[in-house]
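Notes for the structure review
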Amino acid sequence: MIYTLAHIGYLSLFIGFMPLLVIFTFGFRYTVLIEARVATERGGISTARNIWQGKIIGRLMRSGNVFAYLIFRAIPSPFFQQRASLLGDPAVPLPLSWQAWVITPMLLMYLAVITTLVSNLVIQSVR
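Owing to the predicted nature of the structure, the values given are computational and were not obtained by experimental measurement.

What follows deals with the overall build of the chain. When helices and strands are counted, the chain shows seven helices and zero strands. Reading the secondary structure of the chain in the N-to-C direction produces α-α-α-α-α-α-α. When the backbone C-alpha atoms are referred to their principal axes, the chain occupies close to 55 × 30 × 25 Å. Counting every position in the chain, which comprises 127 residues, the buried fraction comes to 34%. Residue pairs at least 24 apart in sequence account for 69% of intrachain contacts in the chain once pairs closer than 6 positions are excluded.

On to the nonpolar core. Counting residues in each nonpolar core, the largest one holds 19 residues, and the members touching the most others are Ile34, Val38, Tyr69, Leu70 and Leu94. Within the residue set of this core, elements represented by two or more residues are helix 2 (17-24), helix 3 (26-38), helix 5 (56-74), helix 6 (78-87) and helix 7 (96-126). The leading source of residues in this core is helix 7, at five residues.

Moving on to the side chain of arginine 73. Counting through the fold element by element, arginine 73 comes out in helix 5. Buried within the structure, arginine 73 lacks any salt-bridge partner; aspartate 89 is the closest side chain of opposite charge, at an N-O distance of 7.2 Å. Separated by 3.4 Å, the side chain of arginine 73 and the backbone oxygen of proline 90 make a polar contact. Apart from the residues within four sequence positions on either side, arginine 73 is in contact with Gln81, Ala84, Asp89, Pro90, Val92, Leu94 and Gln99.

Let us look at the side chain of serine 46. Of note, serine 46 is situated in helix 4 (residues 44-52). Classification of serine 46 as buried rests on a relative accessible area of 7%. Sequence-distant contacts of serine 46, defined by excluding residues within four places in its chain, comprise Ala39, Thr40 and Glu41.

Reading guide: rules and limits
- Residues numbered from 1 in each chain as written.
- Predicted model: local features only at pLDDT ≥ 70, side-chain atom pairs only at ≥ 80, totals over all residues.
- Heavy atoms only, no water.
- Helix = DSSP H or I, 4+ residues; strand = E, 2+ residues; numbered from the N terminus.
- Buried < 20%, exposed > 50% of the residue type's maximum accessible area, 1.4 Å probe, protein only.
- Contact = heavy atoms within 4.5 Å.
- Core = buried A, V, L, I, M, F, W, Y, C linked by side-chain atoms within 4.5 Å.
- Lys, Arg positive; Asp, Glu negative; His and termini not counted.
- Salt bridge = Lys/Arg side-chain N within 4 Å of Asp/Glu carboxyl O.
- Polar contact = N/O pair within 3.5 Å; in protein donor to acceptor, adjacent residues only side chain to side chain.

Spelled out as structure tokens, the structure:
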């Protein structure tokens, strides 16, 4: 059982790098497009764009901000709508394909990290 869980953790960690490649390449194009549409003068997205620029870590941070914005604006609660408005303008219409290029790789990356952590926790508890 430990052997199987170790392989699951290893494979999920390896597979988790694939969405990173998408985030750094194709997905970042859509991050920039979304930023250009929804950024406000004092919002978190425009601030992150100025701070992080476009290098590797900056691309990950900016994609994470846009991901949070998209998730917050999709939740109909006033609390989450307010959080989305702190990042950008939540009323701006965005094509679903642009949103998918940002949301899907980030979710896959988070899923891979969670799978790795859970398999590690189970291995530690079995010992």
